[in-house]
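# Analysis of the macromolecular model
Listed below are the residues making up each chain.
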Amino acid sequence: MSDFSVRPARAADMAAVHEMLQPYVMRRILLGKDLVVLYEATQEFVVAVDAADRVIGCGALHVMWEHLGEVRTLLVADEWLHRGVGRAIVDALEANARELGITRLFCLTFETAFFERRGFTEIGEQVVSPDVYSQLVRSPDEGIAEFLDLAHVKPNTLGNTRMLKQLA
């Protein structure tokens, strides 16, 4: 029996997610998100919780287009690293993606080995058709801009690797 579980996030979890995120923002590993933005995205998140229901990890699935989603804000508390928490979060996000009809999952990450073990592969720039690109480029979402590799977000993505997984 595992000493943690993964469940859909609740609004009450988002302050803990915000607190977990801050050290990664300070180290420029993840983009900062205002607490209000996290609350607005609660339904995109799953959280890993310990036996006392304290948040020990999180991840979000953001729908980008009809068959395309992004794994976002994936993090695990340091003391829970290498205990299967990240894998369980990604598994839950993939299950959510399949339920929504998503067939491709994108991520922008420094943790390439972790994602490679989950079936993601490094991608180039042409991931969507020109028609889809012309629609996505209109989005105000910074994550979409990072996916499209737009010039104005390049400072956010330095050193990150763009990866994609085809879901079965």
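Residues numbered from 1 in each chain as written. Predicted model: local features only at pLDDT ≥ 70, side-chain atom pairs only at ≥ 80, totals over all residues. Heavy atoms only, no water.

### Observations regarding the nonpolar core
Soluble globular proteins: nonpolar side chains tend toward being buried together. Under the convention used in this document: Take the buried Ala, Val, Leu, Ile, Met, Phe, Trp, Tyr and Cys residues and link them wherever side-chain atoms come within 4.5 Å; each set so joined is a nonpolar core. To sort residues, take the accessible area from a 1.4 Å probe on protein chains only and compare it with the maximum for the residue type: under 20% means buried, over 50% means exposed, and anything in between is partly exposed.
Counting residues in each nonpolar core, the largest one holds 38 residues, and the members touching the most others are Val 17, Phe 45, Val 85, Leu 105 and Phe 115. Ranked by size, the runner-up nonpolar core spans six residues in total, among them Met 64, Phe 106, Ile 123 and Leu 164.

### Details of the pairing of strand 5 (residues 104-109)
For clarity, the cut-off: Here a strand is any run of E in DSSP of at least two residues, a helix any run of H or I of at least four, and the numbering for each starts at the N terminus. In this analysis, strands are considered paired if DSSP registers two or more bridges between them. A right-handed crossover is one whose linking path, passing over the helix from the first strand to the second, runs clockwise when the strands point away from the viewer.
Across the six residues of strand 5, five count as buried, placing the element largely inside the fold. Both strand 4 (residues 68-76) and strand 5 contribute to a ladder of three bridges, which runs parallel. Bridged to Glu 70 within strand 5 is Phe 106. For the crossover that starts at strand 4, traverses helix 3 (residues 85-99) and ends in the parallel strand 5, the hand is right-handed. As paired strands, strand 5 and strand 7 (residues 161-166) are joined by six bridges and run antiparallel to one another. Across the sheet, the residue bridging to Phe 106 is Leu 164, located in strand 7.

### Examining the pattern of salt bridges
This is how the line gets drawn: Any carboxyl oxygen of Asp or Glu that lies within 4 Å of a side-chain nitrogen of Lys or Arg is treated as forming a salt bridge with it.
Under the defined criterion, the tally for this structure stands at eight salt bridges. A salt bridge links Glu 70 to Arg 72; its shortest N-O distance comes to 2.7 Å. Judged by relative accessible area, which is 12%, Arg 72 ranks as buried. The residue Glu 94 makes a salt bridge to Lys 165 at a minimum N-O spacing of 2.9 Å. Here Glu 94, found in helix 3, pairs with Lys 165, found in strand 7; they are 71 residues apart in sequence, far enough to count as distant. For Lys 165, a relative accessible area of 13% translates into the label buried. When salt bridges with common partners are traced through the structure, they connect Arg 7, Arg 10, Asp 13 and Asp 53 into a single cluster.

### Description of helix 3
For an α-helix, 3.6 residues make a turn, and residues three or four places apart therefore share a direction. For clarity, the cut-off: Expected helix span is given by 1.5 Å per residue-to-residue step, counting one fewer step than there are residues.
Taking 1.5 Å per residue, 15 residues should reach 21 Å; helix 3 reaches 21 Å between its end C-alpha atoms and fits that length. Taken together, the buried positions of helix 3 are occupied by Val 85, Gly 86, Ile 89, Val 90, Ala 92, Leu 93, Glu 94 and Ala 97. Of the residues flanking the end of helix 3, it is Gly 101, one or two places downstream, whose phi is positive at about 80°.

### Observations concerning the environment of Asp 91
Note that Asp 91 resides in helix 3. As a C-alpha pair, Asp 91 and Val 6 span 85 residues in sequence and 9.6 Å in three-dimensional space.

### A short note on the pairing of strand 3 (residues 55-65)
Regular strands show a simple pattern: their side chains alternate between the two faces of the sheet. Most of strand 3 sits inside the fold, with nine of its 11 residues counted as buried. Between strand 2 (residues 45-50) and strand 3, which follow one another and run antiparallel, lie four residues, and Asp 53 among them has a positive phi close to 65°. Relative to strand 4, strand 3 runs antiparallel, the two sharing seven bridges. If you follow His 62 over to strand 4, its bridge partner there is Glu 70.

### Thoughts on the packing of aromatic side chains
The test is simple: Between rings of Phe, Tyr and Trp, where Trp is taken as its six-membered ring, a pair exists when centres lie within 6.5 Å; planes separated by under 30 degrees are stacked, by over 60 edge-to-face, and by other angles tilted.
Tallied over the entire structure, the rule returns three aromatic pairs. With centroids separated by 6.2 Å and ring planes inclined at 75°, the aromatic side chains of Phe 4 and Trp 80 adopt a geometry described as edge-to-face. Remark: Trp 80 occurs in the loop between strand 4 and helix 3 and Phe 4 occurs in strand 1 (residues 4-8); sequence separation between them is 76 residues. For the pair formed by Phe 4 and Trp 80, the shared burial category is buried. Aromatic side chains Phe 114 and Phe 115 sit 5.1 Å apart centroid to centroid with 90° between the ring planes, which places their arrangement in the edge-to-face category. In this structure, Phe 114 and Phe 115 share a single accessibility class: buried. Three or more aromatic residues link up through ring pairs in this structure, and these residues are Phe 114, Phe 115 and Phe 120.

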